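Report on the structure
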Number of protein chains: 2
Amino acid sequence: MPTWRIWRGEYPIATLDPGDRGLAYGDGLFETILIHAGQPVWWDAHMARLRRGCNVLGMAMPDGDFLRTQCAALSAGCARGALKLIVTRGVGERGYVLPAEAPPTLVMGLSKAPQPPPREGLTLRWCDTRLSIQPRLAGIKHLNRLEQVLARAEWSDPAIHEGLLRDTAGRVVCATSANLFALRDGRWITPPVRDCGIEGVCRGWLLRNVPQAVERGLSVEEIETADAVILCNAVRGILPVAALGMRRWSPHVAAVEDLRNALAASEPAFASP
Amino acid sequence: MPTWRIWRGEYPIATLDPGDRGLAYGDGLFETILIHAGQPVWWDAHMARLRRGCNVLGMAMPDGDFLRTQCAALSAGCARGALKLIVTRGVGERGYVLPAEAPPTLVMGLSKAPQPPPREGLTLRWCDTRLSIQPRLAGIKHLNRLEQVLARAEWSDPAIHEGLLRDTAGRVVCATSANLFALRDGRWITPPVRDCGIEGVCRGWLLRNVPQAVERGLSVEEIETADAVILCNAVRGILPVAALGMRRWSPHVAAVEDLRNALAASEPAFASP
């Protein structure tokens, strides 16, 4: 269990109010940030996504210097970990109406870093749970995550590492806690996140830094006939995929290793141990 | 602010764990129950909906006798109030995977009852925010309520009491915190809640007890050309509607008063003061 710190606005508080709108309605946002050698990785990108989320929800963005200072204090001496930041709209009266003057609630906790990805590559499945189409909430990392919970609850076999999700229109979107790129005709294709899904920080890095990376819709068949597939997220980086249902891929083909090497060159936190 | 009580399973605890999945993912359910003369109104219907929600989310239903006893203790001496019950999947490790053995978190708080509805009837607006279509989560009262928060944030004019919501296919569903019935050709029609929306407790009472009440899809035009419109929920009962945009209705026509009288005869808590 991580050590948690909580603030009301910028004042430290000891405990969460059960009337917090984060609990009542999932009325808030979160970020999960890789800590490497005591430092957050991709801090600016996490803060940019948090700011976009605050804009969508009509919340004030917490002060970036305050968050950075608190992150540094919590992460000091941490060789590798995952810092979770939650920002909620604060405590409200009963009902959906926005509180007139509630300072946001901030929560930070530092967990152990996840295990490194298996050398032999990830094994995936298709999830039956579909993501609903809601352009107003797509892209941001809000606290309404029951679809992901239901999708992840579809399997308990530890040999299956992740599940791929489609939206209610049948288009491929992402994994339960990662974005997805499929290699086709020399291009690394990732689905748009305009209708559902999350604008992942590692996904954004790939789209900006890899000339072959593009955003375009993908069907189930296009995934299954791809030359290679990777998952990615901000804490685990690039995860080569070895299997999806009956389909097998060689997870460490040159195109995948090129991506991983490019990432490691830019962010040493993702260099292979 | 209400007085809150919290339990881990059936053990009272002093504070919420910031790692609770209710906060992290909205991974839980709630009920808002009218307390009248120290007693909960429609207790069995609230418990039935909570049980359906637990089944959908794959959570164990808390013991009903335990909940009833704690509700009675909190409500003793309360002439009229609104009891909020939250049930979450409990505290988990990082990630969506279900915790192996987490007791649920229970939260109860008693608030003042809301104001009685305005005698002149409610004034409504159409919301721009659409409800997404997600049959797996429709009907139950889960904690993922950002769509309702965004819809309620569309207006701040206190002269507007509620907003009506359509789904992403344009069908009328409900108000931000109430269900809806429209009177047409002598029938009280309420939209189905199979794709989105909540199976309201007062809605269920009306469907079971009013012979003219039926479930059927409703378009915007069918609402605007209805002979009368009411909203309903478990805390406020039946709320006559007087205005929606430019449309005006006489809120206390005989058909509406018949509904209200039938409800008051069955549940004295809803008798007019």
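1. So, the overall build of chain A
Scanning chain A from terminus to terminus reveals 7 helices and 15 strands. Compactness check: chain A gives a C-alpha radius of gyration of 19 Å against a globular reference of 19 Å for 273 residues, within 12% of the reference. By the burial criterion, 50% of the 273 residues in chain A qualify as buried.

2. Some remarks on the interface of chain A and chain B
A common way to state how big an interface is: give the accessible area lost once the parts meet. Facing 44 residues of chain A, the contacting portion of chain B comprises 44 residues. Looking at the side of chain A that touches chain B, the elements that each hand over two or more residues are strand S1 (3-8), helix H1 (21-25), strand S5 (80-88), strand S6 (105-112) and helix H4 (146-152) of chain A. For the side of chain A that touches chain B, the element with the most residues is H4 of chain A, which contributes 5 residues. Split into classes, the residues belonging to the side of chain A that touches chain B amount to 21 nonpolar, 17 polar and 6 charged.

3. A short note on the sheet that holds strand S2 (residues 11-13) of chain B
All names here are of chain B. Here we have 6 strands laid out as an open sheet, ordered S2-S1-S6-S5-S3-S4, and antiparallel in their pairing. Each of the sheet's edge strands pairs with one partner strand only, and the pair in question is S2 and strand S4 (39-40). Where strand S5 (residues 80-88) and strand S6 (residues 105-112) come together, 8 bridges link them in antiparallel fashion. Bridge pairing links Val87 to Leu106 in S6. Its contacts with the sheet put helix H2 (residues 43-57) on strand S3 (28-36), S4 and S5, and the angle it makes with S3 is roughly 180°.

4. Focus: the domain arrangement of chain A
All names here are of chain A. The assigned domain composition of chain A is domain 1 (3-112) and domain 2 (122-270). Taking the mean C-alpha position of each, domain 1 and domain 2 sit 25 Å from one another. With 19 residues of domain 1 at the interface, the matching set in domain 2 holds 12 residues. Listed by contribution, the elements that provide at least two residues to the side of domain 1 that touches domain 2 are strand S3 (28-36) and helix H2 (43-57). Residue contributions to the side of domain 1 that touches domain 2 peak at 8 residues, all from S3. Tallied by class, the residues present in the side of domain 1 that touches domain 2 amount to 9 nonpolar, 7 polar and 3 charged.

5. Some thoughts on the pairing of S3 of chain B
Residue and element names in this part refer to chain B. Counting buried residues in S3 gives 7 out of 9 residues, a clear majority hidden from the surface. Across 9 bridges, S3 lies against S5 in antiparallel orientation. Bridging from a neighbouring strand, Thr32 pairs with Lys84 of S5. Note that S3 and S4 share 2 bridges and pair antiparallel. Counterpart to His36 in the pairing with S4 is Gln39. Linking S3 back to S4 in an antiparallel pair, the connection comprises 2 residues, with Ala37 at a positive phi of about 50°.

6. A closer look at the nonpolar core
Across soluble globular proteins, nonpolar side chains show a tendency to be buried alongside one another. Among the nonpolar cores identified, the biggest contains 150 residues, and Val229 and Ile230 of chain A together with Val229 and Ile230 of chain B are the most heavily contacted of them. Apart from residues no more than four positions distant in its own chain, Val229 of chain B is found in contact with Leu180, Ala182, Ile223, Val241, Leu244 and Trp249 of chain B.

7. Concerning the confidence of the model for chain A
Scored by pLDDT, chain A has a mean of 96; 99% of the residues are at 70 or more. With a pTM of 0.97, the predicted complex shows an ipTM of 0.97.

8. Brief notes about the pairing of strand S11 (residues 187-190) of chain B
All names here are of chain B. In this structure, strand S10 (residues 179-184) lies alongside S11, joined through 3 bridges in antiparallel fashion. Considered in S11, the bridge of Arg184 is made with Arg187. As consecutive antiparallel partners, S10 and S11 are separated by 2 residues, and within that stretch Asp185 has a phi angle of approximately 50°, a positive value. Bridge count between S11 and strand S12 (residues 213-215): 3 bridges; the pairing is parallel. Paired with Trp188 across the strands is Ala213, a residue of S12. With helix H5 (residues 201-209) bridging S11 and its parallel neighbour S12, the resulting β-α-β unit is right-handed.

9. Remarks on the sheet that holds S6 of chain A
Residue and element names in this part refer to chain A. Pairing is antiparallel across the open sheet formed by 6 strands, whose spatial order is S2-S1-S6-S5-S3-S4. Here the strands that pair on one side only, and so sit at the sheet edges, are strand S2 (11-13) and strand S4 (39-40). Where H2 meets the sheet, it contacts S3, S4 and S5, and its direction lies at approximately 180° from that of S3.

10. Comments concerning the environment of Glu224 of chain B
All names here are of chain B. Positionally, Glu224 belongs in helix H6 (residues 220-224). Judged by local crowding, Glu224 falls into the partly exposed class, with 15 C-beta atoms found within 10 Å. Separated by 22 residues in sequence, Glu224 and Met246 place their C-alpha atoms 9.3 Å apart. Ignoring sequence-local partners within four residues, the contact set of Glu224 consists of Leu244 and Arg247.

11. Quick word on the relation of the copies chain A and chain B
By a simple turn and slide, chain A fits onto chain B: the slide is 0.0 Å along the axis, the RMSD is 0.0 Å, and the turn is 180°. The superposition of one copy onto the other is thereby described by a two-fold rotation axis. The overlap is high: 100% of the interface residues of chain A also sit at the interface in chain B, so the same surface is used on both sides.

12. Focus: unusual backbone geometry
All names here are of chain A. Here Trp42, not a glycine, exhibits a phi torsion of approximately 60°, which is positive. Along the polypeptide, Trp42 turns up in the loop between S4 and H2. Residue Trp42 is classed as buried on the basis of its C-beta count, with 20 C-beta atoms lying within 10 Å.

13. Observations concerning the environment of Val253 of chain A
Residue and element names in this part refer to chain A. Mapped onto the elements of the fold, Val253 is located in the loop between strand S15 (247-248) and helix H7 (254-266). For Val253, a count of 13 C-beta atoms within 10 Å translates into the label partly exposed. As a C-alpha pair, Val253 and Leu143 span 110 residues in sequence and 36 Å in three-dimensional space.

14. Comments concerning the environment of Ser219 of chain B
Relative to the helices and strands, Ser219 of chain B is located in the loop between S12 and H6. Distance in space between the C-alpha atoms of Ser219 of chain B and Val253 of chain B is 23 Å, their sequence separation being 34 residues.

The rules behind the values
- Residues numbered from 1 in each chain as written.
- Chains lettered and ligands numbered in written order.
- Predicted model: local features only at pLDDT ≥ 70, side-chain atom pairs only at ≥ 80, totals over all residues.
- Helix = DSSP H or I, 4+ residues; strand = E, 2+ residues; numbered from the N terminus.
- Rg over C-alpha atoms; globule rule 2.2 N^0.38 Å.
- Buried ≥ 20, exposed ≤ 12 C-beta atoms within 10 Å, placed from the backbone.
- Contact = placed C-beta atoms within 7 Å.
- Nonpolar A, V, L, I, M, F, W, Y, C, P; charged D, E, K, R; others polar.
- Pairing = 2+ DSSP bridges.
- Axes fitted to C-alpha atoms, helices over the stretch in contact; angles between N-to-C directions.
- Domains from an automatic or database assignment.
- Core = buried A, V, L, I, M, F, W, Y, C linked by C-beta atoms within 7 Å.
- pLDDT = per-residue confidence, 0-100.
- Right-handed = clockwise from strand over helix to strand, strands pointing away.
- Least-squares fit on C-alpha atoms with pLDDT ≥ 70 in both.

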